[in-house]
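Structural features, examined
This is what each chain is made of:
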Amino acid sequence: YDWISTISINQVEKKDIVISLCDEAGKAVVSWKVINAFPTKLDVPTFDANSNDVAIESMELMADQITINYAV
């Protein structure tokens, strides 16, 4: 989450990242290569000790380009 701190001082560091959707064996089924990405929003759940809910974080990114690779 070092990206988030750079945004607050208007020094966004863009990075190329790969996001993979994996099957049960851990093999990538679909991969997204995101070029010059930087985060624009981060949602972090609040925790409730009395709840059994799953905590889900989400991050929105801006990017110059996205390519999709499907496993064969």
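Being a predicted model, the structure only gives us computed values, none of them experimental.

The next point concerns the overall build of the protein chain. A count of helical and extended segments in the protein chain gives one helix and four strands. When its helices and strands are written in sequence order, the protein chain yields α-β-β-β-β. The 72 residues of the protein chain split such that 11% are buried. If you sum the accessible surface of the protein chain, you get close to 6,000 Å²; carbon and sulfur atoms cover 53% of it.

Quick look at the environment of D16 now. Mapped onto the elements of the fold, D16 is located in strand β1 (residues 15–22). As for D16 and F38, which are separated by 22 residues in sequence, their C-alpha atoms are 8.9 Å apart. Residues in contact with D16, not counting those within four places in the same chain, are V34, I35 and N36. Of the polar contacts made by the side chain of D16, one reaches the backbone nitrogen of N36; its length is 2.9 Å.

A separate point is the side chain of S31. Looking at where S31 falls in the secondary structure, it is placed in strand β2 (residues 28–43). Residue classification places S31 among the buried residues on the basis of a relative accessible area of 14%. Within polar-contact distance, the side chain of S31 engages the side chain of S20 at 3.1 Å. Excluding anything up to four places from it in sequence, S31 contacts V18, I19, S20, T67, I68 and N69.

A positive phi angle, near 55°, is found at N36, a position not held by glycine. Assignment of secondary structure puts N36 in strand β2.

So, how was this worked out
- Residues numbered from 1 in each chain as written.
- Predicted model: local features only at pLDDT ≥ 70, side-chain atom pairs only at ≥ 80, totals over all residues.
- Heavy atoms only, no water.
- Helix = DSSP H or I, 4+ residues; strand = E, 2+ residues; numbered from the N terminus.
- Buried < 20%, exposed > 50% of the residue type's maximum accessible area, 1.4 Å probe, protein only.
- Areas by Shrake-Rupley, 256 points an atom, 1.4 Å probe, with all protein chains shown as cover.
- Contact = heavy atoms within 4.5 Å.
- Polar contact = N/O pair within 3.5 Å; in protein donor to acceptor, adjacent residues only side chain to side chain.

From the geometry alone we can't say anything about function, so treat these as descriptive.
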